[in-house]
Amino acid sequence: MNYSFEYIDIILLAMIAGFIFLRLRGILGKRTGFEGKAPPQFDKILKEAVIKQTPKETDVFDEKAQKEFLKGARIAYETIITDFSDNDNKITTSKPLLNKDIYNQFNEALKERSSRDHHAEITFIGINSAVIKEHKKVDKILNVTVDFIAEVITCIKDKNKKIISGDPEKIKKIYDTWVFSRDTTSVNPNWQLVSTLT
């Protein structure tokens, strides 16, 4: 008799489970009428929602952000100086670090140097100091002006290896004021050199 009660329990449980399954299928399987392409008004609402969810401007330039910026600015400075002063007369490594106008200015100067069959030799000794002179935001663009003091050994030679300017044995101290810029609304965290003031 005990076995028959167990079979009845199993059958009842199976029936309950089947009933629940059919009810869920009936509810979840219903068509809502919004399947397929959404009407134009819903497209507009969705686009507005996406715009509202875009990342907020990363315009916080506190002491911590300034320290991180200066680390990158030092690397960028050395990269650009070395790239501009090497003997291939081409901007290669530092191109992503320059905005269009600065790239064109540097490129024209290198073309002129190349037309004279002149080449540069440089040894970058190091940066003595890099100090933020000012920073200001214009609309969504943040501009940061940096004073650099660095030491290099550099000279310009002609095609016969004759020294035109500079001294390959002498360390020269250079002073530069550069302006870096970035769009605070962009997901791209990289800065670009936009102006050389000295």
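Thresholds, definitions, all that
Residues numbered from 1 in each chain as written. Predicted model: local features only at pLDDT ≥ 70, side-chain atom pairs only at ≥ 80, totals over all residues. Heavy atoms only, no water. Salt bridge = Lys/Arg side-chain N within 4 Å of Asp/Glu carboxyl O. Helix = DSSP H or I, 4+ residues; strand = E, 2+ residues; numbered from the N terminus. Buried < 20%, exposed > 50% of the residue type's maximum accessible area, 1.4 Å probe, protein only. 1 Å grid on protein atoms, 1.4 Å probe; cavity = no way out; pocket = protein on both sides within 12 Å on 5 of 7 lines; lining within 4 Å. Points joined across faces, edges and corners; volume = space filled by probe spheres on them. Nonpolar A, V, L, I, M, F, W, Y, C, P; charged D, E, K, R; others polar. Expected span 1.5 Å × (residues − 1). Contact = heavy atoms within 4.5 Å. Core = buried A, V, L, I, M, F, W, Y, C linked by side-chain atoms within 4.5 Å. Pairing = 2+ DSSP bridges.

(A) Here's a closer look at the pattern of salt bridges. Counted according to the given criterion, the structure contains 6 salt bridges. Across the pair K71 and E68 runs a salt bridge, and its minimum N-O distance is 3.5 Å. Here K71 and its partner E68 are both found in helix α3 (residues 63–85), 3 residues apart, which amounts to about one turn of the helix. For K71, a relative accessible area of 53% gives the class exposed. Across the pair E112 and R116 runs a salt bridge whose closest N-O atoms are separated by 2.8 Å.

(B) Representation of unusual backbone geometry in the model. Backbone geometry places D117, a non-glycine residue, at a positive phi of 60 degrees. As for its placement among the helices and strands, D117 is situated in the loop between α4 (100–115) and β1 (119–138). Using a relative accessible area of 36% as the deciding quantity, one classes D117 as partly exposed. Phi angles above zero are rare outside glycine, and D139 is one such case at about 60 degrees. Within the element layout of this structure, D139 appears in the loop between β1 and β2 (141–157). Judged by relative accessible area, which is 70%, D139 ranks as exposed.

(C) Region of interest: the layout of surface pockets. Quantified by volume, the largest pocket comes out at close to 350 Å³. As for the largest pocket, its lining consists of 18 residues, of which S85, V152, T154, I156 and K172 are closest to the centre. Among the elements of the structure, α3, α4, β1, β2, β3 (163–166) and β4 (172–183) are those that each provide at least two residues to the lining of the largest pocket. The greatest single-element share of the lining of the largest pocket, amounting to 4 residues, is contributed by β2. In terms of residue class, the lining of the largest pocket is built from 10 nonpolar, 4 polar and 4 charged.

(D) α3, seen in detail. Spanning 23 residues, α3 covers 33 Å between terminal C-alpha atoms, matching the ideal 33 Å at 1.5 Å per step. Those residues of α3 lying buried are F69, L70, A73, A76, Y77, I80, I81, D83 and S85. Looking at the packing, one finds that the buried side of α3 touches α4, β1, β2, β4 and β5 (192–196).

(E) Molecular detail of the nonpolar core. Membership of the largest hydrophobic core comes to 29 residues, with the highest contact counts inside it found for F69, Y77 and F180. Secondary-structure elements contributing two or more residues to this core are α3, α4, β1, β2 and β4. Considering every element that reaches this core, the biggest residue donor is α3, with 7 residues. The contact partners of F180, leaving out residues within four places of it in the chain, are F69, A73, A76, L142, N143, V144, V146, F148, W191, Q192, L193 and V194.

(F) Geometry of the environment of V146. As for its position among the elements, V146 is in strand β2. Judged by its relative accessible area of 0%, V146 falls in the buried class. When the C-alpha atoms of V146 and R74 are compared, they prove to be 9.8 Å apart, with 72 residues separating the residues in sequence. Leaving out residues up to four positions away in the same chain, V146 has contacts with F69, L70, A130, V131, I132, K133, D176, T177, W178 and F180.

(G) Local environment of the pairing of β1. Looking at chain direction, β1 and β2 are connected through 17 bridges and run antiparallel. Residue V138 lies in a different strand from β2, and its bridge partner there is I141. Between β1 and β2, which pair antiparallel and follow one another directly, the connecting turn spans 2 residues, one of which, D139, has a positive phi of 60 degrees.

(H) Quick peek at α4. With 16 residues, α4 should cover 22 Å at 1.5 Å per step; its first-to-last C-alpha distance of 22 Å lies within 8% of that length. D117 sits one or two positions beyond α4 and adopts a positive phi of about 60 degrees.

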